[in-house]
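Observations on chain architecture
The chain contents come next:
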Amino acid sequence: MAVAAALLSRRALYSALASPSWLHDTSSCYICSISGTHSLVNHPNLRLQRGYHNSGKFDLTDLTHPHIWYPNAREKKRNVFLHVGPTNSGKTHNALKRLEASSSGVYCGPLRLLAREVAQRLNKANVPCNLITGQEREEIEGAKHSSVTVEMADMTTEYQCAVIDEIQMVGCRSRGFSFTRALLGLCSDELHVCGDPAVVPLIQRILEPTGDVVTVQYYERLSPLVPLKTTLGSFSNIKAGDCVVTFSRRSIYMLKRRIEMGGKHLCSVVYGSLPPETRTKQATMFNDQDSNLNVLVASDAIGMGLNLNISRIIFSTLEKFDGICNRELTVAEIKQIAGRAGRYGSKFPVGEVTCLNSDHLPLLHSALKSPSPIIEERFLDKAKLSPDYFIADCEDMLKVAAIVDELPLGLYDKYLFCLSPVDIQNYAKKGIVRLKEIFTPGTLQVPKSHNQLKELESIHKVLELYVWLSFRLEDSYPDRELAASQKLIEEYLERSGWQQNGRKDFLQKPKRLHQEYDASQLRKYFQEIDVRSK
Ligand SMILES: Nc1ncnc2c1ncn2[C@@H]1O[C@H](COP(=O)(O)OP(=O)(O)OP(=O)(O)O)[C@@H](O)[C@H]1O
Ligand SMILES: [Mg+2]
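Thresholds, definitions, all that
Residues numbered from 1 in each chain as written. Chains lettered and ligands numbered in written order. Predicted model: local features only at pLDDT ≥ 70, side-chain atom pairs only at ≥ 80, totals over all residues. Heavy atoms only, no water. UniProt positions renumbered as here; feature names shortened; annotations may be inferred. Helix = DSSP H or I, 4+ residues; strand = E, 2+ residues; numbered from the N terminus. Buried < 20%, exposed > 50% of the residue type's maximum accessible area, 1.4 Å probe, protein only. Areas by Shrake-Rupley, 256 points an atom, 1.4 Å probe, with all protein chains shown as cover. Expected span 1.5 Å × (residues − 1). Salt bridge = Lys/Arg side-chain N within 4 Å of Asp/Glu carboxyl O. Pairing = 2+ DSSP bridges. Axes fitted to C-alpha atoms, helices over the stretch in contact; angles between N-to-C directions. Near = heavy atom within 4 Å. Polar contact = N/O pair within 3.5 Å; in protein donor to acceptor, adjacent residues only side chain to side chain. Nonpolar A, V, L, I, M, F, W, Y, C, P; charged D, E, K, R; others polar. Phe/Tyr/Trp six-rings, centres within 6.5 Å; stacked < 30°, edge-to-face > 60°. Right-handed = clockwise from strand over helix to strand, strands pointing away.

Taking an unreviewed UniProt entry as the reference, the protein chain is identified by name as RNA helicase belonging to Oryza nivara. Looking at the Subcellular location (unreviewed entry) heading of the UniProt record, one finds this comment for the protein chain: "Mitochondrion matrix, Mitochondrion nucleoid". Here the protein chain is described in UniProt, under the heading Subunit (unreviewed entry), as follows: "Homodimer; in free form. Component of the mitochondrial degradosome (mtEXO) complex which is a heteropentamer containing 2 copies of SUPV3L1 and 3 copies of PNPT1."

**Structural notes on the overall build of the protein chain**
The helix and strand inventory of the protein chain stands at 18 helices and 18 strands. Expressed as a percentage of its 534 residues, the buried residues of the protein chain come to 55%. As presented, the protein chain carries roughly 23700 Å² of accessible surface, and 52% of it is formed by carbon and sulfur atoms.

**A short note on helix H8 (residues 249-261)**
Here H8 spans 18 Å end to end across 13 residues, near enough to the 18 Å set by a 1.5 Å rise per residue. All of the buried residues in H8 are Arg249, Ser251, Ile252, Tyr253, Leu255, Lys256, Ile259 and Glu260. Gly263 sits one or two positions beyond H8 and adopts a positive phi of about 85°.

**A look at the pattern of salt bridges**
Tallying each qualifying case throughout the model produces 14 salt bridges. With its nearest N and O atoms 2.9 Å apart, the salt bridge here joins Glu100 to Arg121. Taken together, the positions of Glu100 in helix H4 (residues 91-101) and Arg121 in helix H5 (residues 112-124) put the pair 21 residues apart, joining distant regions of the chain. By relative accessible area, Glu100 is classed as partly exposed at 22%. With its nearest N and O atoms 2.9 Å apart, the salt bridge here joins Glu138 to Arg116. You can see Glu138 sitting in strand S5 (residues 137-138) and its partner Arg116 sitting in helix H5, a full 22 residues away along the chain. Note on Glu138: relative accessible area 37%, which makes it partly exposed. Ionic contacts of the salt-bridge type, sharing partners, join the residues Arg74, Arg78 and Asp212 into one network.

**Section: the sheet that holds strand S13 (residues 293-298)**
An order of S10-S17-S14-S11-S13-S12 is seen for the six strands of this open sheet, with the pairing classed as parallel. Of all strands in the sheet, those with a lone pairing partner are strand S10 (225-227) and strand S12 (266-270), marking the two edges. Direction aside, neighbouring strands of the sheet carry axes that sit 25° apart on average. In this sheet, strand S17 (residues 351-355) lies alongside strand S14 (residues 312-315) in parallel orientation, the contact comprising four bridges. Of the residues in S17, the one forming a bridge with Ile314 is Thr354.

**Describing the site of ligand 1**
In the vicinity of ligand 1, 15 residues are found, and the nearest of them are Asn88, Lys91, Thr92, His93 and Arg340. Between ligand 1 and Gly90, the relevant distance is 3.0 Å, taken from an oxygen atom to a main-chain nitrogen or oxygen of the residue. Here ligand 1 loses 77% of its free accessible area of 630 Å² to cover by the protein chains. Here the residues of the shell around ligand 1 are counted per class, giving three nonpolar, eight polar and four charged.

**Things to note about the packing of aromatic side chains**
In the structure shown here, the tally under the stated rule is one aromatic pair. Each ring, one from Tyr253 and one from Tyr271, has its centre 5.8 Å from the other, and the planes form 85°; the classification is edge-to-face. Here Tyr253, found in helix H8, pairs with Tyr271, found in the loop between S12 and helix H9 (276-287); they are 18 residues apart in sequence, far enough to count as distant. The buried category is assigned to Tyr271, whose relative accessible area is 4%.

**Description of the pairing of strand S7 (residues 158-164)**
Most of S7 is tucked away, with five of its seven residues classed as buried. Relative to S7, strand S3 (residues 105-109) is paired through four bridges, and the arrangement is parallel. From the neighbouring strand, Gly105 faces S7, where its bridge partner is Cys161. Where S7 and strand S8 (residues 187-195) come together, six bridges link them in parallel fashion. Pairing of Glu158 across the sheet is with Cys187, part of S8. With helix H6 (residues 176-185) bridging S7 and the parallel S8, this β-α-β connection has right-handed handedness.

Below is the structure:
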């Protein structure tokens, strides 16, 4: 029985990931109770599928026609514009101009920072725009526009104009399916798709069976990007507007200290596991000309689409750990990150790129000269998929699915928990999870080591998850406000003093946090539920 359940989960998850309509359409959960029968006639997608095959039987393992899973979008003949070109060429800008001029619309981006940048731009242009990400929901009264992270895009609302940014992410193993879903499923008269030219043939093939009208618009870079012939040399050569790129938390803080010890500059930091609001604040402070944080030390969390006041990108390494192994950055990644320098209209009209290590210069130069390789199609063993699709990486979800299958929960709940590592046991037993069961006043102090900082980031992940769930299961996760109000890391960054004094070693100046928490309880909680991070 357990094996059968696990198989069902696997099948359901594969179906869900290839058919992302599942994310917002609970009725398609039917797909995981099929057991090989065909009692699914009430599902609109399947009605369509039946029509498609022109027979009364469905082969539910046949995933070769994903475009028919989105009947609302298929009812339209969408005008699709592909805006493709190098970084900083105005692709997003032009798509957003169309969005601003439309009566209703949605922007779908890969990063929360980017979604926020777009929401701010629209609101500033007097186009009321909501901001909706997994953990944030800032709704503006009367708004007909939304800026969202692509996973949050709604396939059931009709728009006049929709934008999908950084569409080359469609090739990403873990998030690509959300881009595929948006590309096929957004129900919009006009669809603007921005990204790397390498993606054009694939997008054209994917859209071919939809009947949409596709127009490709090529762009040129708006301001020059100059790869330097020499490395940075010494850290004393760091200047305002520099951004040093590295990929681990440890080296981010090490480089920050190294630069600040020079006594000339203070650094903002931006990296993936910083809580999103802290990330936004750090990026804003770096961009703010009146702030004294004029150097940025960042990971590739700044890599896509963002408009930061960077004059020079300095790669400290051209390798990153991608969750499985250390690997060289791809040409596309190098170009994306380098493209943050010298943004058109910013303080620095010419961008420069270099690195710390002279061994890296040849690769850097050749990557910046090369076109990105055409995005390839991938296959999952014997899954019957069209050549332009692959099934998303879902091993982590499958681990959660195996646990969830044992619990007395409905299919939709099971699916939600598969998407997110949470306090499943508590929810299944009591149907409600109070924040105080996770959080009690305690003795947590300002971190004195990188491990403690890491722990603090983990705590924030738990809080983010709580907020994430509270948006989906409001009654069961009632303490959203309390969870969202915790600013541990910001307090740490603000109170530990190093921002005000570059020479101060923040690790040796512990101060107690404003609010204190029971670290051991949180650690235990996090270890129990963080199935994904294993
Ligand atoms: N026609 C224009 N007038 C004024 N500003 C512009 C124009 N085109 C682009 N910009 C500005 O130039 C900057 C870069 O443009 P944009 O973000 O559209 O580039 P992109 O091609 O999308 O780059 P990336 O690939 O890095 O996302 C932005 O700050 C944008 O507002
Ligand atoms: Mg862009």
